[in-house]
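So you can see what is in the structure, the chains are spelled out below.
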Amino acid sequence: MAITSIAIGSPAEAGQPDALKAALAEFISMLIFVFAGEGSGMAFGKLTNNGSTTPAGLVAASLAHALALFVAVSVGANISGGHVNPAVTFGAFVGGHITLIRSVLYWIAQLLGSVVACLLLKFATGGLETSAFALSSGVGAWNAVVFEIVMTFGLVYTVYATAVDPKNGNIGIIAPIAIGFIVGANILAGGAFDGASMNPAVSFGPAVVSWTWDNHWVYWLGPFVGAGIAAVVYEVFFISPSTHEQLPSAEF
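The rules we used
Within each chain, residue numbers correspond to sequence positions counted from 1 in written order. Confidence filtering applies because this is a predicted model: local features only for residues at pLDDT of at least 70, side-chain atom pairs given and counted only at 80 or more, and all residues used for totals across whole chains, interfaces and linings. Note: side-chain values were computed over all heavy atoms of the structure, leaving out hydrogens and water. What counts as a helix is a DSSP run of H or I of at least four residues, what counts as a strand is a run of E of at least two, and both are numbered from the N terminus. When a residue's accessible area, from a 1.4 Å probe over protein chains only, is under 20% of the maximum for its type it is buried; when over 50% it is exposed; and in between it is partly exposed. Contact criterion: two residues are considered in contact whenever any of their non-hydrogen atoms come within 4.5 Å of each other. Between the N-to-C directions of two axes lies an angle of 0 to 180 degrees, each axis being a line fitted to C-alpha atoms and, for a helix, fitted only over the stretch in contact. Should an angle lie under 35 degrees it is considered roughly parallel, over 145 roughly antiparallel, and from 65 to 115 roughly perpendicular; all remaining angles are considered oblique. Each helix crossing is assigned a hand: it is left-handed if the near helix lies turned anticlockwise from the far helix by less than a right angle, otherwise right-handed if that turn is clockwise. UniProt positions are given in the numbering used here, feature names are shortened, and annotations may be inferred rather than shown by experiment. The pairing test for Phe, Tyr and Trp rings, Trp by its six-membered ring, is centres within 6.5 Å, and the orientation test on the planes gives stacked under 30 degrees, edge-to-face over 60, and tilted for anything in between. Here, a salt bridge means any side-chain nitrogen of Lys or Arg that lies within 4 Å of a carboxyl oxygen of Asp or Glu. Expected helix span is taken as 1.5 Å per residue step, with the number of steps being one fewer than the number of residues. In this count, Pro and Cys sit with the nonpolar residues alongside Ala, Val, Leu, Ile, Met, Phe, Trp and Tyr, while Asp, Glu, Lys and Arg are called charged and the others, Gly among them, polar.

Attention shifts here to the overall build of the protein chain. When helices and strands are counted, the protein chain shows eight helices and zero strands. Reading the helices (α) and strands (β) of the protein chain from amino to carboxyl end gives α-α-α-α-α-α-α-α. Principal axes of the C-alpha set define a box for the protein chain whose edges measure 55 × 35 × 30 Å. Split into buried and exposed, the 252 residues of the protein chain put 50% on the buried side. Sequence-distant contacts, at least 24 apart, represent 81% of the contacts inside the protein chain between residues at least 6 apart.

All right, on to the side chain of S203 then. With respect to the element layout, S203 can be found in helix α7 (residues 200–210). Here S203 falls in the buried class, since its relative accessible area comes to 1%. Those residues within four positions of S203 in sequence are excluded, and the remaining contacts are F133, S197, H216 and Y219.

Here helix α2 (residues 55–76) crosses helix α6 (residues 175–194) at 155°, and the two axes come no closer than 8 Å. One way to sum up the angle between α2 and α6 is to call them roughly antiparallel. Where α2 crosses over α6, the handedness of that crossing is right-handed. In contact with L58, V59, A61, S62, H65, A66, L69, F70, V73 and S74 of α2, α6 contributes P176, I177, I179, G180, V183, G184, A185, I187, L188, G191 and A192.

What follows deals with the UniProt feature "transmembrane region" (unreviewed entry) in the protein chain. Taking the numbering used here, the UniProt-annotated feature "transmembrane region" (unreviewed entry) corresponds to residues 24–44, 56–75, 141–160, 172–193 and 217–239. For residues 56–75, the end-to-end C-alpha separation is 29 Å, with 100% helix and 0% strand making up the annotated structure.

Bringing the packing of aromatic side chains into the picture now. Scanning all chains against the criterion turns up 15 aromatic pairs. Aromatic pair Y157 and F238: ring centres 6.2 Å apart, planes at 85°, arrangement edge-to-face. Placement of the pair is Y157 in helix α5 (residues 141–164) and F238 in helix α8 (residues 218–238), with a sequence separation of 81 residues. Members of the aromatic cluster, each reached through a chain of ring pairs, are F90, F93, W107, F204, W211, W213, W220 and F224.

Next up on the list: the pattern of salt bridges. On inspection of all chains with the given rule, the structure shows three salt bridges. Close ionic contact of R102 with D18 constitutes a salt bridge, the shortest N to O distance being 2.9 Å. Residue R102 is located in helix α4 (residues 100–124), and its partner D18 is located in helix α1 (residues 17–47); the two are separated by 84 residues in the primary sequence. Classification of D18 as partly exposed rests on a relative accessible area of 41%. Across the salt bridge formed by D165 and K167, the nearest N and O atoms sit 3.1 Å from each other.

Turning to α1, a few remarks are in order. Over its 31 residues, α1 extends 44 Å from the first C-alpha to the last, a length consistent with the 45 Å expected when each residue adds 1.5 Å. Looking at the residues trailing α1, positive phi occurs at N49, about 55°.

Looking now at the environment of V145. If you trace the backbone, V145 turns up in helix α5. Relative accessible area serves as the criterion here: at 4%, V145 is assigned to the buried category. The sequence separation of V145 and Y219 amounts to 74 residues, and the corresponding C-alpha distance is 7.5 Å. When neighbours within four sequence positions are excluded, V145 is seen to be in contact with W217, V218, L221 and G222.

Relative to the elements of secondary structure, N186 occurs in helix α6. Residues within four places of N186 in sequence aside, it is in contact with M151, G191, A196 and M198.

Residues spaced three or four apart along an α-helix face the same direction, because each turn holds 3.6 residues. Helix length check: α4 (25 residues) gives 36 Å between terminal C-alpha atoms against 36 Å at 1.5 Å per residue, within 8%. Downstream of α4 by a residue or two, G126 has a phi angle that is positive, lying close to 75°.

Turning our attention to the packing of α1 against α7. How two helices pack is summed up by the angle between their axes together with the distance between the axes. Between α1 and α7, the least distance of the axes is 11 Å, while the angle of their chain directions is 65°. Taken together, the axes of α1 and α7 are roughly perpendicular relative to one another. The way α1 lies across α7 gives a crossing that is right-handed. Only A201, V202 and P206 of α7 make contact with α1, whose side of the interface consists of M30, F33, V34 and E38. Here the residues of the contact of α1 with α7 sort into six nonpolar, no polar and one charged.

In structure tokens, the structure reads:
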């Protein structure tokens with residue numbers, strides 16, 4: 001089972017050059033992703049006088065995030081595995097594919113990348129607000145948690161099927177495309193309800209820069225629960241003990 005493969009790692013791992021390079025790659029990938037994704041929403045709002053919540057705005061956000069994530073995962077894949085998401089890193093940890101020590105490094109780098117991207121956006125746009133994720137009218141916090149659980153489950157399940165499974169064969173080539181597509185599709189499904197984060201770092205950066213924390217916990221609890229469930233399900237039912245192995249982070 002997945003739980004038996006969990007590894008804490010050695011504290012010395014945090015200072016190893018490959019771990020630091022991987023964390024830097026996650027920082028850069030997250031910066032690219034958030035700058036493009038959050039920036040597209042800001043640009044659409046400017047062009048339409050804050051009409052980013054229209055159907056066209058939702059489609060634009062979906063497309064921007066899908067394309068940006070495809071690139072962000074691709075450029076980080078050979079160095080850090082291209083997680084670009086603390087929830088994805090958590091899913092990899094639950095499945096025994098990354099140690100806790102390296103996971104913490106990734107989480108720090110991912111959060112910093114998101115904050116820096118939002119600060120750069122605020123400066124480059126002359127002080128425009130980087131809007132924090134928020135629940136739509138009539139959507140309760142626990143409704144949003146369910147949305148985030150289901151959407152992140154789909155995301156991390158896709159990551160496992162296309163990038164982590166040792167039997168994926170040639171399908172691994174399309175992993176960044178599949179990951180970008182599922183995020184784009186989920187934004188179309190849940191964007192009008194809670195913003196469709198699926199990524200605690202993506203929610204964290206705008207929240208820090210705008211200092212808006214209403215229901216922020218939703219965007220941590222939902223993705224981490226969804227990622228954990230996806231990891232356990234895929235490990236238990238589709239990766240047999242005989243094929244399980246500790247994957248180098250560059251392969252994920």
